[in-house]
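Spelled out, the chains give:
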Amino acid sequence: MLGSEYVSRAKPDGYTLLIGNVGTLSINPSLYKKMSYDWEKAFSPVSMIAELPYVLLVTPSFPANNVKELIAIAKTKPGKVSYASSGSGGGPHIAAEMFEKAAGIQLLHVPYKGGGPAAADVMAGHVDMYFATVLESIGSVKTGKLRGLAVSSATKSPALPELPTISDAGLPGFETSSWIGLVAPAGTPTNIVDQISADIRAIVNDPEVKKTLITQGATPMAMTPALFKARIESDRLRYAKVIKEANIEIE
């Protein structure tokens with residue numbers, strides 16, 4: 001929030017930019033009733049950099065090896081299967097709320113102050129499941145400290161190709177992901193925005209950069225300013241509905 005406010009007030013000359021994510025650009029406007037800047041007018045989208053799919057993770061001792069088994073267990077124990085989140089209103093929390101509704105199940109939300117403590121308690125078996133980005137969780141999945149059941153994106157993650165999508169694993173049409181992208185202060189000249197966007201696309205599409213991003217768990221996804229603006233706005237509307245229906249409030 002502090003970084004976003006700083007950039008919103010910066011001189012629109014292309015020298016001060018913000019790397020934001022789905023939380024700062026698409027979720028926060030529905031959570032914070034009073035913001036120090038007008039989120040609708042504060043930024044000029046430049047380009048997305050990468051999509052960050054979530055992994056549906058369970059503690060290694062949990063008796064489900066796939067999405068259908070997890071849903072079946074949750075249906076026999078309404079409100080008993082627990083899930084951790086990095087905090088109320090964050091992307092992982094919203095992903096779990098969407099999963100809960102799509103599957104027709106009732107889960108128990110256990111919010112933490114950050115992803116680290118949340119993941120640690122799922123590893124230890126204190127909480128049953130957790131949505132975390134591939135970027136955050138790939139190491140724990142590879143070492144067996146957490147078991148990945150599926151990824152939340154529309155297509156498989158190139159970093160964890162062995163995992164199906166949640167859509168293919170039992171909930172057709174399910175899709176949600178985090179992402180990171182670049183925005184400039186509103187009023188930045190169009191030619192500057194277009195030039196930076198073109199540079200970002202060239203860098204993200206460089207074979208070595210692509211390889212590095214994929215290895216780390218990110219899916220390279222650069223796009224034009226117009227496409228990025230459309231993604232920010234569509235996610236804003238989509239997640240605003242989830243936040244309202246689930247009555248999510250920040251703590």
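Values in this document were obtained by computation on a predicted structure and should not be read as measured data.

Rules used throughout
- Residues numbered from 1 in each chain as written.
- Predicted model: local features only at pLDDT ≥ 70, side-chain atom pairs only at ≥ 80, totals over all residues.
- Heavy atoms only, no water.
- Helix = DSSP H or I, 4+ residues; strand = E, 2+ residues; numbered from the N terminus.
- Buried < 20%, exposed > 50% of the residue type's maximum accessible area, 1.4 Å probe, protein only.
- Contact = heavy atoms within 4.5 Å.
- Polar contact = N/O pair within 3.5 Å; in protein donor to acceptor, adjacent residues only side chain to side chain.
- Core = buried A, V, L, I, M, F, W, Y, C linked by side-chain atoms within 4.5 Å.
- Salt bridge = Lys/Arg side-chain N within 4 Å of Asp/Glu carboxyl O.
- Axes fitted to C-alpha atoms, helices over the stretch in contact; angles between N-to-C directions.
- Parallel < 35°, antiparallel > 145°, perpendicular 65-115°, else oblique.
- Left-handed = near helix turned anticlockwise from the far one by under 90°.
- Nonpolar A, V, L, I, M, F, W, Y, C, P; charged D, E, K, R; others polar.

A. Structural detail: the environment of Ser30. Tracing the sequence through the fold places Ser30 in helix α2 (residues 22-31). By relative accessible area, Ser30 is classed as buried at 17%. Once the C-alpha coordinates of Ser30 and Ser86 are considered, the two residues, 56 residues apart in sequence, prove to be 18 Å apart. Apart from the residues lying within four places of it in its own chain, the contact partners of Ser30 are Arg236, Ala240 and Ile243.

B. Just the side chain of Asp235, in detail. Structurally, Asp235 is set in helix α10 (residues 225-245). Given a relative accessible area of 4%, Asp235 falls into the buried group. Within polar-contact distance, the side chain of Asp235 engages the side chain of Trp179 at 2.8 Å. Ignoring any residue separated from it by four or fewer positions in sequence, one finds Asp235 in contact with Val22, Ser26 and Trp179.

C. How the structure looks around the nonpolar core. If you look at the biggest cluster of nonpolar residues, it comprises 48 residues, and the most contacted ones within it are Leu56, Leu70, Phe99, Met129 and Phe131. Ala119, Val122, Tyr130 and Val141 belong to the second largest nonpolar core, which has 18 residues in total.

D. Spotlight on the pattern of salt bridges. On inspection of all chains with the given rule, the structure shows five salt bridges. The residue Arg231 makes a salt bridge to Glu51 at a minimum N-O spacing of 3.0 Å. Here Arg231, found in helix α10, pairs with Glu51, found in strand β2 (residues 43-58); they are 180 residues apart in sequence, far enough to count as distant. For Arg231, a relative accessible area of 17% translates into the label buried. Here Glu175 ties to Arg238 by a salt bridge, and the two come within 3.4 Å at their closest N and O atoms. With Glu175 in the loop between α7 (166-169) and β7 (177-185) and Arg238 in helix α10, the pair connects residues that are 63 residues apart, well separated along the chain. On the accessibility criterion, Arg238 (29% relative accessible area) is partly exposed. The structure contains a network of salt bridges with shared partners spanning Glu51, Arg231 and Asp235.

E. How the structure looks around the packing of α2 against α10. α10 packs onto α2 with a crossing angle of 40° between their chain directions and a minimal axis gap of 8 Å. It follows that α2 is oblique to α10 by the angle criterion. For the crossing formed where α2 meets α10, the hand is right-handed. Here Val22, Leu25, Ser26, Ile27, Pro29, Ser30 and Leu31 of α2 come into contact with α10, specifically with Phe228, Ile232, Asp235, Arg236, Tyr239, Ala240 and Ile243. Across the contact of α2 with α10, the residue classes break down as ten nonpolar, two polar and two charged.

F. Molecular detail of the packing of helix α4 (residues 91-103) against α10. Two numbers describe how α4 lies on α10: the axes approach to 10 Å, and their chain directions differ by 75°. The angle between the axes of α4 and α10 places the two elements in the roughly perpendicular class. Touching Ile94, Glu97, Met98 and Lys101 of α4 are Arg238, Tyr239, Val242, Ile243 and Glu245, all from α10. Of the residues belonging to the contact of α4 with α10, the class tally is five nonpolar, no polar and four charged.

G. Local environment of the environment of Leu70. With respect to the helices and strands, the residue Leu70 is situated in helix α3 (residues 67-76). When the C-alpha positions of Leu70 and Leu149 are compared, they lie 9.1 Å apart, and in sequence the two are 79 residues distant.

H. Seen up close, α2. Extensive coverage of α2 is indicated by the burial of nine of its ten residues. Buried-residue contacts for α2 involve β1 (18-21), β2, α4, β7 and α10. Between the side-chain oxygen at the start of α2 and the backbone nitrogen of Gly23 there is a gap of 2.8 Å, and the oxygen is on Asn21.

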